[in-house]
Every structure is written in C-alpha cells, then in structure tokens.
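Breakdown of the fold
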Amino acid sequence: MKLVVTGSLGQLGNEILSIIKSGYAEIGAIPENFDISEVTAIDIDDLDISDLDATRAFLTKVKPDAVVNCAAFTNVNACETETQTAYKANAEGPRNLAIVCEEIGAKLVHISTDYVFSGDGNTPYKENDPTDPCGAYGKTKEQGEKFVLENCKKAFIMRVAWLYGYVGKNFAKTMITVARNNGAVKVVNDQFGNPTSANDVAYHILKLLNTENYGIYHCTNNGICSWYDFALRVIEKAGINATVSPCSTEEYPTPAKRPAYSALDNANLRATIGDEMRDWQTAVDMYVNKLIESGF
Ligand SMILES: NC(=O)c1ccc[n+]([C@@H]2O[C@H](COP(=O)([O-])OP(=O)(O)OC[C@H]3O[C@@H](n4cnc5c(N)ncnc54)[C@H](OP(=O)(O)O)[C@@H]3O)[C@@H](O)[C@H]2O)c1
C-alpha cells in the first residue's frame, strides 16, 4: 500500500516507520501489504499541512493510497498561548489532508486524543460519547476531528492517549531523567487515563488501513491508572532508587487544565479488527527494558 506518513519525526510517526521497516510490531507481524519502499515519510520541513495549496500539490504528485496523519502541535501547555499555531496544526492541517484525500480517493487515518473529552466521567469513554474538551489543545483536536469527518468519506479517526514511543519526548522518559537527577519525583494522583504504547497503536493503524470500516476508534492499552501509578511503574522497572510521591492537581498547577478522567474504551476496535492492545503494565515494562538496553 502506497502510504504518506505526516509527523514522521514524532513519536508515533517513528513507530509506524520502524514496524514497516522490520515487518514486526512488539505484538506481532504487520500485514504483508506494507513495504517501506512505498512509504513517503514527511514532517513540517517537507510539508506544512496547514497550507492547503502545498498539501494538494504534494499529495496529487505522490498519489498515495492512504495518508496517516501523525502531525500535530502536541505541547498541551503551549496550546493555551500559541493558539494560532495550535489551530493551524491540529485543525486546519487535518482539514486540508481530508479535502485532498477526498479529491484523490485516498484513505485518511487521523490521530486524535483522549483530551477531546471533558474528564468529568468515571467510566471509559466510548467513541460516540459527546466531546467537550477542557483545554485549548483538546479544542483544536476536536475541531480537527470534525473537519476530517466533514471533508473525507474514507476517514478513520483514531484517538490515543498518554502516548510513549522510542523516539522523541514523553512522560516516561521525563520521569526516568528526573528520578535519576533528583532522586525524588512528585506526580499527580488524581488524573486517570491509559498509558499507551505508540508501537501498539502503529500496528492497529496498519490493520485498520486494510479495511473500509471508516469512523471513530479508540486505541489505548488496557487498564486505567493515574500519572503517579504510571511514573511509579516506569521508575521501578528502570531500577532507579528514587522516592515517588503522589500529589494532587491543585498542588501541581499547570497552564492547561487537564481532564481528571479520560480513560477510553476500545469498543470499535473490538467490533471490527479486534483489540490486540496489551495491558498497560506489560507494554510499559517492555518499553522501559528496551529503552534502558538502548542506553537511555
Ligand atoms: N503525545 C501524547 O501523549 C499524545 C496523547 C494523545 C494523542 N496524541 C496525538 O497522537 C498524535 C501523534 O503524537 P506524537 O506524540 O507522535 O507527536 P509528536 O511527537 O509531537 O510529533 C508530531 C510531529 O508533527 C510535526 N508538526 C507539527 N505541526 C506540523 C504542521 N503544521 N505540519 C506538519 N507537521 C507538523 C511536529 O513538528 P515539530 O516538533 O517541529 O512541531 C512533530 O514532528 C498527534 O495527533 C497527537 O495529538 C498524542
């Protein structure tokens, strides 16, 4: 399958390229119809997806069968003040990709987030539950989803959460670094969600691309925990002797409000290609092992 991957220098983009190159994800062999020679990997220096003319020129030249949009402005706090940049990347970019995919008949997988939900619930959100983001990042991502669904018939929206990959910055790497440097970490224990392996997500994206079951999907590792639980698991697995203590959101204020509960239910995955996502602990343990082995 001829594929364009945007945001290819980011966490998820990297995992998609890596599993296509090797033929294997951590949870199994990928479908056989993906070949790295048919993948065009791009990031903002190759194409700014918020530019419609440039996006049209690029995609009509490459003529992919599908586009996977991993490009986004993901700095949740910065989204509160850099509103223009956030809207361009997270709303206008996906709209442009949707318009052009519709024009050229390509499938589009657009990646979204648990932060489109308010966080007021206490049971995992299903794909069709109403969205109502509490911060600027979630609002721009919500608008991106709407634009994609309005403009492209062959679109998959895949919401992921608390993502970690081998390349790029993420919460798990930050916790390891802080624990090593300070010997102590304080982490919020009143925000709940699903730590999610970008490698597992990448595998499910490829499987989904081989179907025509367009629509909204949740794709997170199984089990729910707090950021504190996540940090504790990572630091213990990394074998770091550090004190990890819980704190409340009130004690650790950030510029952006975050949902208190944003766990997702992968109902549509189960109903279609099957949910092969691992328990969050199993995925985190393998991730930390490999990270440490690689010299991190
Ligand atoms: N990270 C998480 O915890 C998390 C949680 C839930 C959902 N998600 C979603 O998952 C997807 C992948 O996230 P990720 O963590 O892999 O992201 P990432 O590591 O931040 O990578 C995103 C990439 O997109 C690029 N980009 C930004 N604006 C662009 C534009 N206008 N045109 C083209 N490229 C642009 C970024 O370049 P620069 O670095 O130069 O900006 C970066 O290389 C995103 O849709 C994100 O919203 C992530």
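Residues numbered from 1 in each chain as written. Predicted model: local features only at pLDDT ≥ 70, side-chain atom pairs only at ≥ 80, totals over all residues.

Quick look at the site of the ligand now. Around the ligand sit 28 residues, and of these Gly 7, Gly 10, Gln 11, Ala 71 and Ala 72 come closest. Of all the secondary structure elements, the ones that give two or more residues to the shell around the ligand are helix 1 (11-22), helix 3 (83-104) and strand 6 (107-113). Tallied by class, the residues present in the shell around the ligand amount to 14 nonpolar, 10 polar and 4 charged. (Near = placed C-beta within 6 Å. Helix = DSSP H or I, 4+ residues; strand = E, 2+ residues; numbered from the N terminus. Nonpolar A, V, L, I, M, F, W, Y, C, P; charged D, E, K, R; others polar.)

Leu 108, Ala 202 and Ile 205 are the most contacted members of the largest nonpolar core, which has 83 residues in total. The leading source of residues in this core is helix 6 (residues 198-209), at 8 residues. If near-sequence neighbours (up to four positions away) are discounted, Leu 108 is found in contact with Val 67, Asn 69, Leu 97, Ala 98, Cys 101, Val 148, Cys 152, Lys 154 and Ala 155. (Core = buried A, V, L, I, M, F, W, Y, C linked by C-beta atoms within 7 Å. Buried ≥ 20, exposed ≤ 12 C-beta atoms within 10 Å, placed from the backbone. Contact = placed C-beta atoms within 7 Å.)

This brings us to unusual backbone geometry. Unusually for a residue other than glycine, Lys 63 sits at a positive phi of about 50°. With respect to the element layout, Lys 63 can be found in the loop between helix 2 (52-62) and strand 5 (66-69). Note on Lys 63: 11 C-beta atoms within 10 Å, which makes it exposed. Positive phi, normally seen in glycine, also occurs at Trp 162, with a value near 40°. In this structure, Trp 162 sits in the loop between strand 7 (155-160) and strand 8 (163-164).

Quick look at the sheet that holds strand 6 now. Across the sheet, 6 strands lie side by side as 4-1-5-6-7-12; this open sheet has parallel pairing. Of all strands in the sheet, those bounded by a partner on one side alone are strand 4 (39-41) and strand 12 (215-218). Pairs of neighbouring strands in the sheet enclose a mean axial angle of 20°, with direction left out of account. By the bridge criterion, 3 bridges tie strand 1 (residues 3-6) to strand 4 in an arrangement that is parallel. Bridging across to strand 4, Val 5 finds its partner in Ala 41. Along the sheet, helix 1 contacts strand 1, strand 4, strand 5 and strand 6; its crossing angle with strand 4, the most-contacted strand, is approximately 150°. (Pairing = 2+ DSSP bridges. Axes fitted to C-alpha atoms, helices over the stretch in contact; angles between N-to-C directions.)

The next subject is the pairing of strand 7. The two faces of the sheet receive side chains in turn, since in a regular strand these alternate between them. Strand 7 sits mainly inside the fold: 6 of its 6 residues count as buried. Residues of strand 7 alternate between two faces, with Ala 155, Ile 157 and Arg 159 on one and Phe 156, Met 158 and Val 160 on the opposite face, all of them buried. Sheet analysis places strand 6 next to strand 7, joined by 6 bridges and oriented parallel. Counted as the bridge partner of Ile 111 is Met 158 from strand 7. With respect to chirality, the unit in which strand 6 leads through helix 4 (residues 136-151) into the neighbouring parallel strand 7 is right-handed. In this sheet, strand 12 lies alongside strand 7 in parallel orientation, the contact comprising 4 bridges. By the bridge assignment, Arg 159 is partnered in strand 12 with His 218. (Right-handed = clockwise from strand over helix to strand, strands pointing away.)

The first and last C-alpha atoms of helix 1 sit 17 Å apart over 12 residues, in line with the 16 Å expected at 1.5 Å per residue. Along helix 1, the residues classified as buried are Gln 11, Leu 12, Gly 13, Asn 14, Glu 15, Ile 16, Ile 19 and Ile 20. A positive phi of about 85° marks Gly 23, the residue just after helix 1. (Expected span 1.5 Å × (residues − 1).)

Turning our attention to the packing of helix 7 (residues 227-237) against helix 9 (residues 280-293). Axis angle and axis distance: for two packed helices, these are the angle between their axes and the distance between the axes, and together they describe the pair. Viewed as axis vectors pointing N to C, helix 7 and helix 9 meet at an angle of 40°, and their least axial separation amounts to 9 Å. With respect to their mutual orientation, helix 7 and helix 9 come out oblique. Seen along the crossing, helix 7 lies across helix 9 with a hand that is right-handed. In this structure, helix 7 uses Arg 233, Val 234 and Lys 237 to contact helix 9, whose residues at the interface are Gln 281, Val 284, Asp 285 and Val 288. (Parallel < 35°, antiparallel > 145°, perpendicular 65-115°, else oblique. Left-handed = near helix turned anticlockwise from the far one by under 90°.)

Structurally, Glu 32 is set in the loop between strand 3 (28-29) and strand 4. Expressed as a C-alpha distance, the spacing of Glu 32 and Ile 20, which sit 12 residues apart in the sequence, is 9.4 Å.

Further remarks concern the packing of helix 3 against helix 4. Close contact between helix 3 and helix 4 brings their axes to 8 Å; oriented N to C, the two are set at 15°. The angle between helix 3 and helix 4 falls in the class roughly parallel. At the point where helix 3 passes helix 4, the crossing takes the right-handed sense. Only Ala 136, Tyr 137, Thr 140, Lys 141, Gln 143, Gly 144, Phe 147, Val 148 and Asn 151 of helix 4 make contact with helix 3, whose side of the interface consists of Thr 83, Ala 86, Tyr 87, Asn 90, Ala 91, Pro 94, Arg 95, Ala 98, Ile 99 and Glu 102. Looking at the contact of helix 3 with helix 4 residue by residue, the classes come out as 10 nonpolar, 6 polar and 3 charged.

Since the α-helix packs 3.6 residues into each turn, any two residues three or four apart lie on the same face. With 12 residues, helix 5 (residues 171-182) should reach 16 Å at 1.5 Å per residue; the first-to-last C-alpha distance of 16 Å fits that figure. Considered for burial, the residues of helix 5 that qualify are Ala 172, Met 175, Ile 176 and Ala 179. Buried residues of helix 5, seen end-on, are gathered within an arc of 100° and therefore sit on one face of the element. Facing away from the buried side of helix 5 by more than 90 degrees, the exposed set consists of Asn 181 and Asn 182. Looking at the buried positions of helix 5, the neighbouring elements they touch are strand 8, strand 9 (184-188), helix 7 and helix 9. Gly 183 sits one or two residues past helix 5 and shows a positive phi near 70°. (Arc of directions from axis to C-beta.)

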